[in-house]
Amino acid sequence: MEECISVFDMLKIGVGPSSSHTLGPWRAAERFLSELQSENILQKVTRVKVDLYGSLSLTGKGHATDLAIMLGLSGQDPEYIPVQDIAGIIKNIEDKNEINLGNQITIPFYFLQDIIFNKNFLPFHANGLTFTAYLLDDTEYVSTFYSIGGGFVVKEERVNAIKKMEIKCAFPFPIQNAEELLQYTIAQNKSISEIVYENEKSMRPEAEIHHELMRIWHTMLECMYIGCHSEGVLPGGLNVRRRAFDMHQGLIGLANYTTPQEWMDSIRKTEVKFRQILKWVSCFALAVNEVNAALGRVVTAPTNGSAGVIPSVLMYYLTIENHQAGEKEIKQFLMVAGEIGSIFKKGSTISAAMGGCQAEIGVSSAMAAAALVEVMGGTPEQVLMAAEIAMEHHLGMTCDPIGGLVQIPCIERNTMGAIKAINAAELAMETDAKNAKVPLDKVIETMWKTAKDMNSKYKETSEGGLAVAVNMADC
């Protein structure tokens, strides 16, 4: 089976704090509603129960999985819902003990009873959830979904059916691994972004590609802007103080601006000293993931937990590396990042519940490193080398969030992933790709083997590492 994965599959706009534990279950609830609609039974539903399994259950509270499910069942769209309305919608459900199912029919809903956290794992995937609708005629409609990372949601029977079919990707340049991508660039004498663009054009008009890529970038920019201008303590009980605000104030001083674009332009005009570069990159990454932790709107890149790496590296390029760069370079960057992410998804995983944090921060760092090399004028071979270098130095990273919250160590890990991406890009640019010893595909293969060997308690369960070494009550 050949997978056609678009850039817009890898870079999705949604609500934090987790793509697999928040956005995925939210989308699963939407798909459940669609099934009820297609079966013409939505109006017959008297009650809905949701069972969470595995990692969704073990860290679901910290990842707001229950809130996401309630919002999804209410018919809200994570891409467009005003984030300031979320608290009110949830409070209304909890106070009235009822939910407006699909924004069409109001039924009783007791969230403490009707969302059940089962600690056992379903065999197909670590992130499983089952919806049960009880109908007027005393029958039930049951549907199980799996949130496989990056906001992707699948059904086991659908996956098994597809595996039995000979499906060919409709892209003019179908890509399953890095070597295939490289061969296309050589045969067509094109850059990686040009190959990706040809594939995207086979799915949608060029104007739509431009619009959606820039919408993704503007969402990233706004997210950094909000994070750099928000004070206070993050929700969840860890009492983590936002740091991007103070860091940003120390860096930018008394600059005047009123919009995210003016803000970016003001940073471009700032004389950045060498030792401040790391601070700026870290500030951008912190800002995104503090917004993410506060249930703000972010872009999965490739996940919510790693959402700060790609925006911060792209912002670094625009504000520090190349002040003349504009929409052309932004689109290049995002297309290359998306393609590298899709190769990791095909060859390994982007789910921390399956592969640990190497599948999130590691992949995002590889995506950012590769994209940075292309916009800096590197060859396709150097682009792939940068991705390899970045991932090589994240292999084996575990996922151990304290309290199941995407805060400690997740927020800081985004800053480290961003810095490693820039370092990997610089190393690749200074290296003759013919001397590369480790192909990207071998690193992806190694990552997947490492993921399978990793003890399950280090895969987003809050049962190992810092999650057990640090007591939430002491924070």
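See the structure printed just above.
Small disclaimer: the values here were computed from a predicted structure and weren't measured.

**With respect to the pattern of salt bridges**
For the coordinates displayed, the defined rule picks out 19 salt bridges. A salt bridge links Glu79 to Arg215; the shortest N-O distance between them is 2.4 Å. Of this pair, Glu79 sits in the loop between α4 (65–73) and α5 (86–96) while Arg215 sits in helix α10 (residues 206–228), placing them 136 residues apart in sequence. Taking the shortest distance from any N to any O, the salt bridge between Glu445 and Lys442 comes out at 3.7 Å. Of this pair, Glu445 and Lys442 both sit in helix α20 (residues 440–453), three residues apart, which is roughly one turn of that helix. The exposure class assigned to Glu445 is partly exposed, which follows from its relative accessible area of 35%. Judged by relative accessible area, Lys442 falls into the partly exposed class, the value being 46%.

**Here's the deal with the layout of surface pockets**
By volume, the second largest pocket amounts to about 300 Å³. Forming the walls of the second largest pocket are 16 residues, and the residues nearest its centre are Val83, Glu222, Ile226, Gly296 and Arg297. For the lining of the second largest pocket, the element with the most residues is α10, which contributes five residues. Looking at the lining of the second largest pocket residue by residue, the class counts come to seven nonpolar, five polar and four charged.

**Regarding helix α9 (residues 192–201)**
Among the residues of α9, those classed as buried are Ile192, Ser193, Ile195, Val196, Asn199 and Glu200. Burial along α9 is one-sided: seen end-on, the buried residues are contained in an arc of 160 degrees. Contacts from the buried residues of α9 go to α1 (7–10), α8 (178–188), α10, α15 (327–347), α17 (361–375) and α18 (380–392).

**Regarding the environment of Leu314**
You can see Leu314 is positioned in helix α14 (residues 309–321). Put simply, Leu314 and Glu194 are 120 residues apart on the chain and 18 Å apart in space, counted from C-alpha to C-alpha. Residues within four places of Leu314 in sequence aside, it is in contact with Trp217, Ile330, Phe333 and Leu334.

**Observations regarding the nonpolar core**
Soluble globular proteins: nonpolar side chains tend toward being buried together. Of all hydrophobic cores here, the largest spans 108 residues; its most connected members are Trp217, Trp263 and Leu372. Every residue in contact with Trp217, bar those within four places of it in the chain, is listed here: Met224, Met264, Pro311, Leu314, Met315, Leu318, Ile330 and Leu334. Counting residues in each nonpolar core, the second largest holds 37 residues, with Ala29, Met70, Ile93 and Phe131 among its members.

**Concerning helix α12 (residues 260–269)**
Of the residues making up α12, those classed as buried are Trp263, Met264, Ser266, Ile267 and Arg268. Buried residues in α12 make contact with α10, α11 (244–252), α13 (274–293) and α14.

**Topic: the pairing of strand β3 (residues 98–101)**
Only one face of β3 is covered, namely the one carrying Ile99 and Leu101; the face carrying Glu98 and Asn100 has none of its residues buried. In this structure, β3 lies alongside strand β4 (residues 105–108), joined through four bridges in antiparallel fashion. Looking at the pairing, Leu101 lines up with Ile105 of β4. Hairpin connection of β3 to β4: three residues between the antiparallel strands, including Gly102 at a positive phi of 60 degrees.

**Some details on the side chain of Gln407**
By the element assignment, Gln407 lies in the loop between α18 and α19 (410–429). Classification of Gln407 as buried rests on a relative accessible area of 3%. Not counting residues within four places of it along the chain, the set of residues in contact with Gln407 comprises Leu234, Pro235, Leu238, Val240 and Ala293.

**Describing the state of the cysteines**
Within the structure shown, the criterion is met by one disulfide. The cysteine Cys228 is free of any disulfide, with Cys283 supplying the nearest cysteine sulfur at 3.6 Å. On the basis of relative accessibility, which here comes to 0%, the residue Cys228 falls in the buried class.

So, how was this worked out
- Residues numbered from 1 in each chain as written.
- Predicted model: local features only at pLDDT ≥ 70, side-chain atom pairs only at ≥ 80, totals over all residues.
- Heavy atoms only, no water.
- Salt bridge = Lys/Arg side-chain N within 4 Å of Asp/Glu carboxyl O.
- Helix = DSSP H or I, 4+ residues; strand = E, 2+ residues; numbered from the N terminus.
- Buried < 20%, exposed > 50% of the residue type's maximum accessible area, 1.4 Å probe, protein only.
- 1 Å grid on protein atoms, 1.4 Å probe; cavity = no way out; pocket = protein on both sides within 12 Å on 5 of 7 lines; lining within 4 Å.
- Points joined across faces, edges and corners; volume = space filled by probe spheres on them.
- Nonpolar A, V, L, I, M, F, W, Y, C, P; charged D, E, K, R; others polar.
- Arc of directions from axis to C-beta.
- Contact = heavy atoms within 4.5 Å.
- Core = buried A, V, L, I, M, F, W, Y, C linked by side-chain atoms within 4.5 Å.
- Pairing = 2+ DSSP bridges.
- Disulfide = S-S within 2.5 Å.

Function cannot be inferred from these measures alone, as they are strictly geometric.
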